Amino acid sequence: MAAFTMPDEAVRWVEATIARYPDRQAAMLPVLWAVQREKGWISPEAMVWVGDRLGCSASAVQAVVRFYTMFDEEPVGRWKLQVCRTLSCELMGARAIVDRIRERLGIEPGQTTSDGEFTLQEVECLASCGTAPMMQCNFKFYENLTPERIDALLDELRGRVPDHDDVEPVIYERPGADAYHAMFPRGAEAAPSGAAGEAGR
Amino acid sequence: MQRGLDRPGESHVLEAYEAAGGYRAIRKALGMSPEAIVDEVKKSGLRGRGGAGFPTGTKWSFIPRDSAKPRYLLCNSDESEPGTFKDRWLLENDPHLVLEGMMIAAVAIDSHLMFNYFRGEFTYPLARWRAAVEEAYRKGYLGKGIFGSDYDLELVTHYGAGAYIAGEETGMLESLEGKKAFPRNKPPFPAVEGLFRSPTLINNTETLATIPWIVENGADAYTQYGTEKSRGTKLWSCSGPIARPGVYELEMGYDLMEFLEGDLGGMMEGVELKGIIPGGSSVPVLTPEECRGAKMDYEGLRERGSLVGSGGFIVIGDNMSAVDCLLNLAHFYAHESCGQCTPCREGCGWIEQLVEKILDGRGTQADLETILRVSDLMAGKTICALADAMAWPAVAFIKKYPQEFAALCAGPVDMEGLAEAVGRHDHILPKAS
Ligand SMILES: Cc1cc2nc3c(=O)[nH]c(=O)nc-3n(C[C@H](O)[C@H](O)[C@H](O)COP(=O)(O)O)c2cc1C
Ligand code: SF4
Ligand code: FES
């Protein structure tokens, strides 16, 4: 088993962070974040390393990693596309967004493309409901999405290197009524049980 | 009262905040006795904006003053209630307002270490917040002897990693201690035994952001706004197929339909109103009839059988079925239940499966009645309110849109029998007090 190491600068950051809390273990989440930022995911070796720093067992660390959905126990794609599926986003066309990504990339939610470029996930409300539908891509939000914007965005991302400090959201112009209705394959006339059945999941 | 609403663009910068009168209230508070600050907040009638609506001043007065242990202030910026995005707005556009509110609360309970807990996805609000905190430290507004006084005040910014339940206050304490966010049994309440077993005051971001105005202008000025029982203003996060979604600050008691048709610009072209969830996904949905004449405040919404909650105003159009809405929410709660309590763990999953079965066209009347019965067994019987947050929407959607559920069932549904079943279980829904 290869020894787990973190760059000196990250180790210094970790120690300074632990010192800010009244209790070492309280720094658990920030320290796990530091590892995930550095390595892309949290390996069993990383959990031992974190446990040593915080004075707790690797299994205690693992329990925490498993509890919080943003931590990855396996490598993920270079671009992690997390589409919000919760109510306000579904009301505004989230299913059409997920469907377009599935078609374009040939993967289902939870999967990674074979070239390791993209991982697709469905996630819960990200507090951008007024600019729905939306997704988080690595550390950045993309809001007011449409299938066409997904097409352009996927092309753009392929040619780019992720920059973790680039966190300012991209808020597209809100789609007009036509673009909105186009995201609902069977339209308003199918109400009241409109989105049920084949239009959906 | 949210200063940033008038200062788009640069409102997050310290200089702009001070130019608009920022950091006057904390200076005033440092010259007041802690008891006087708590009294002022009590008199203002302010209630918690995180969801439960607990009177803020009363909560502050629960913090023991004579304890030998340190006291902590914790700002709840976990904002994960579906349909709610006002705290994110505040943190991005008015971080100094939140910070000033936190400072005043800390001084009022004699705390020298405060925490702000962000949800892990809030990288941008976090960046804005960090920049604001740095400005404040550089100016001597945080650290040793703040604002030239002899009061020391430190701040730790913490962030989660994806868990709705970390927004529940005792789940947050566990999370901040580096553990799974399992809510704790109460009592002891956090005010007595919170973070690291020390007295801890937990308030929502918006609640704290309201404090500077109250301290600066006085409780009497604050109570000029709103109604007798619901004082002041509240932020509403508005989403769904409406013309102008976004965050709005409204005086308590605002007319709901006037808000929808006026400020929000009505429904999007080609969509009719089906219902509105006024206070975040956990509160019962209102039909258009119930919306008419409703007042947006604590009593007004309760009178209609719903709640202010977090103020997540979700407008539902006629292009989505009530059954789909319930499935969406059931999936959310089943995913987010921490699993400690059997009624919640089993109940959320069970409701999700039954709604899915109905959507599949395989459901029966008995399944609908099971959902109602299970909801009844969940509400008020668990460690935290997540179980209620599943039970309320389940009963409310079936009660208010029974035809939509019946239309999808495999066999015939006796609507009278279904209504009777609803009648046996809808006592769990909020009602006028
Ligand atoms: C399941 C659940 C999730 C919650 N999520 C949040 C949240 O994201 N933000 C928040 O401020 N309060 C949340 N609360 C309410 C908190 O428990 C607590 O009441 C609140 O932070 C207190 O602040 P306030 O009195 O200023 O409202 C949640 C409660 C429950 C039961
Ligand atoms: S009610 Fe649900 S979420 Fe709350 S503590 Fe119990 S199992 Fe966990
Ligand atoms: S429902 Fe998608 S961001 Fe809130």
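Source: prediction; values computed, not measured.

Thoughts on the overall build of chain B
Looking only at helices and strands, chain B features 19 helices and 10 strands. Over its C-alpha atoms chain B spans a radius of gyration of 22 Å, differing by no more than 12% from the 22 Å that the globule rule assigns to 433 residues. In chain B, which comprises 433 residues, the share counted as buried stands at 67%. Contacts spanning at least 24 positions in sequence make up 71% of the contacts within chain B whose residues lie at least 6 apart. On chain B, the mean spot of the 44 positive side-chain charges and the mean spot of the 60 negative ones are 5 Å from each other.

Quick notes on the sheet that holds strand β4 (residues 200–204) of chain B
Residues and elements named next belong to chain B. Ordered by their spatial adjacency, four strands build an open sheet running β3-β2-β1-β4, and the pairing between neighbours is parallel. On the outer flanks of this sheet lie β3 (154–159) and β4, each paired with one strand and no other. Across the sheet, the mean angle from the axis of one strand to that of its neighbour is 20 degrees, orientation sign disregarded. As judged from the six bridges shared by strand β1 (residues 72–77) and strand β2 (residues 113–118), these two strands associate in the parallel manner. Bridge pairing links C75 to N116 in β2. Along the sheet, helix α6 (residues 95–108) makes contact with β1, β2, β3 and β4, crossing β2 at roughly 140 degrees.

Observations regarding the site of ligand 1
Residues and elements named next belong to chain B. In the region of ligand 1, 19 residues are neighbours, and G50, K59, N203, N204 and T207 sit closest. Within the side chain of N203, one N or O atom sits 2.8 Å away from an oxygen atom of ligand 1. The contact in question runs from an oxygen atom of ligand 1 to an N or O atom on the side chain of N204, over 2.7 Å. Burial of ligand 1 by the protein amounts to 90% of the accessible area it has alone, namely 610 Å².

Examining the sheet that holds strand β5 (residues 233–239) of chain B
Strand pairing in a sheet is mediated by backbone hydrogen bonds. Such pairs are either parallel or antiparallel. All names here are of chain B. The strand order β6-β5-β10-β8 describes an open sheet built from four strands, whose pairing is mixed. Two strands in the sheet have a free side with no partner beyond their single neighbour: β6 (246–251) and β8 (273–277). Each adjacent strand pair in this sheet contributes to an overall mean axis angle of 30 degrees, direction not counted. With three bridges connecting them, β5 and strand β10 (residues 312–317) associate as parallel partners.

Overview of the interface of chain B and chain A
Tallying the contact residues gives 74 residues for chain B and 55 residues for chain A. Taken together, the two surfaces of chain B and chain A that pack against each other cover about 5100 Å², and 63% of this comes from carbon and sulfur. Summed over the shared surface of chain B and chain A, the number is two salt bridges. Where D324 of chain B meets R95 of chain A, a salt bridge forms, and the shortest distance between an N and an O atom there is 3.0 Å. At the boundary of chain B and chain A, one finds 25 residue pairs in polar contact (both at pLDDT 80 or more).

Quick look at the site of ligand 2
Neighbouring residues of ligand 2: I165, P183, S337, C338, G339, Q340, C341, C344, T382, I383, C384 and L386 of chain B. Its residues assigned to classes, the shell around ligand 2 shows eight nonpolar, four polar and no charged.

Concerning the nonpolar core
By size, the foremost hydrophobic cluster in this structure holds 163 residues, and its most contacted members are W60, M103, M114 and F397 of chain B. For F397 of chain B, the contacting residues outside a window of four places in its chain are I277, V285, I316, A322, C325, L326, L329, P402 and F405 of chain B.

So, the confidence of the model for chain A
Taken over all residues, the pLDDT of chain A has a mean of 91, while the share at 70 or more is 91%. Long-range and interchain partners of residues 187–201 of chain A, a stretch whose pLDDT sits below 50, account for 29 contacts in this model, where long-range means more than four residues apart.

Section: the packing of helix α14 (residues 322–336) of chain B against helix α17 (residues 386–400) of chain B
The axes of two packed helices give the description: the angle between them and the distance between them. Residues and elements named next belong to chain B. Packing of α14 against α17 leaves a shortest axis separation of 10 Å and a crossing angle of 170 degrees. Classified by the angle their axes make, α14 and α17 are roughly antiparallel. Across the interface between the two elements, A322, C325, L326, L329, A330, Y333 and E336 of α14 pack against L386, A389, M390, P393, A394 and F397 of α17. Its residues assigned to classes, the contact of α14 with α17 shows 12 nonpolar, no polar and one charged.

What to know about helix α7 (residues 123–139) of chain B
Residue and element names in this part refer to chain B. Helix length check: α7 (17 residues) gives 24 Å between terminal C-alpha atoms against 24 Å at 1.5 Å per residue, within 8%. By the burial criterion, the buried members of α7 are T123, Y124, P125, L126, R128, W129, A132, V133, E135 and A136. Buried residues belonging to α7 abut α1 (14–19), α5 (86–93), α6, β2 and β3. After α7 finishes, the residue G140 shows a positive phi value of roughly 80 degrees.

Regarding the state of the cysteines
Residues and elements named next belong to chain B. In the structure shown here, the tally under the stated rule is zero disulfides over all chains. Among the cysteines around C291, which has no disulfide bond, C238 carries the closest sulfur, lying 12 Å off. Given a relative accessible area of 0%, C291 falls into the buried group.

Description of the pairing of β1 of chain B
Residues and elements named next belong to chain B. Along β1, six of the six residues are buried, which leaves the element largely enclosed by surrounding structure. Of the two faces of β1, the one holding Y72, L74 and N76 and the one holding L73, C75 and S77 are both buried throughout. Strand direction decides the pairing type here: β1 and β4, joined by five bridges, are parallel. Residue pairing in the sheet places Y72 in a bridge with T200 of β4.

Topic: the side chain of E135 of chain B
Residues and elements named next belong to chain B. Structurally, the position occupied by E135 is in helix α7. No salt bridge is formed by the buried E135; its nearest oppositely charged neighbour, R138, is found at 5.3 Å. A distance of 3.1 Å separates a polar side-chain atom of E135 from the backbone nitrogen of L14. Those residues within four positions of E135 in sequence are excluded, and the remaining contacts are H12, V13, L14 and H96.

Here's the deal with the pattern of salt bridges
Side chains that carry opposite charge are capable of pairing whenever their charged atoms lie near each other. All names here are of chain B. Counting across every chain of the model gives 48 salt bridges over all chains. We note a salt bridge from E92 to R88, for which the minimum N-O separation is 2.9 Å. Residue E92 and its partner R88 are both found in helix α5; the two are separated by four residues, about one turn of the helix. Look at R88 and you get buried, because its relative accessible area is 7%. Of the charged contacts in the structure, one is a salt bridge between R119 and E121, with a shortest N-O distance of 2.9 Å.

Some words on the packing of aromatic side chains
For the structure shown, the criterion picks out 26 aromatic pairs over all chains. Between W236 of chain B and F313 of chain B the ring centres are 6.5 Å apart and the planes differ by 85 degrees, which places this aromatic pair in the edge-to-face class. Placement of the pair is W236 of chain B in strand β5 and F313 of chain B in strand β10, with a sequence separation of 77 residues. Judged by relative accessible area, W236 of chain B falls into the buried class, the value being 0%. Through successive ring pairs, a cluster of aromatic residues spans W33, F67, Y68, F71 and F139 of chain A together with F182 of chain B. One Lys or Arg, K39 of chain A, reaches over the ring of F4 of chain A and ends 5.0 Å from the middle of that ring. When the ring centre of Y298 of chain B is taken as origin, the NZ or CZ atom of R47 of chain B, which lies over that ring, is 3.9 Å away.

The rules behind each value
- Residues numbered from 1 in each chain as written.
- Chains lettered and ligands numbered in written order.
- Predicted model: local features only at pLDDT ≥ 70, side-chain atom pairs only at ≥ 80, totals over all residues.
- Heavy atoms only, no water.
- Helix = DSSP H or I, 4+ residues; strand = E, 2+ residues; numbered from the N terminus.
- Rg over C-alpha atoms; globule rule 2.2 N^0.38 Å.
- Buried < 20%, exposed > 50% of the residue type's maximum accessible area, 1.4 Å probe, protein only.
- Contact = heavy atoms within 4.5 Å.
- Lys, Arg positive; Asp, Glu negative; His and termini not counted.
- Charge placed at Lys NZ, Arg CZ, Asp CG, Glu CD.
- Pairing = 2+ DSSP bridges.
- Axes fitted to C-alpha atoms, helices over the stretch in contact; angles between N-to-C directions.
- Near = heavy atom within 4 Å.
- Polar contact = N/O pair within 3.5 Å; in protein donor to acceptor, adjacent residues only side chain to side chain.
- Areas by Shrake-Rupley, 256 points an atom, 1.4 Å probe, with all protein chains shown as cover.
- Buried area = accessible area lost by both parts, 1.4 Å probe.
- Salt bridge = Lys/Arg side-chain N within 4 Å of Asp/Glu carboxyl O.
- Nonpolar A, V, L, I, M, F, W, Y, C, P; charged D, E, K, R; others polar.
- Core = buried A, V, L, I, M, F, W, Y, C linked by side-chain atoms within 4.5 Å.
- pLDDT = per-residue confidence, 0-100.
- Parallel < 35°, antiparallel > 145°, perpendicular 65-115°, else oblique.
- Expected span 1.5 Å × (residues − 1).
- Disulfide = S-S within 2.5 Å.
- Phe/Tyr/Trp six-rings, centres within 6.5 Å; stacked < 30°, edge-to-face > 60°.
- Lys NZ or Arg CZ within 6 Å of the ring centre and 35° of its normal.

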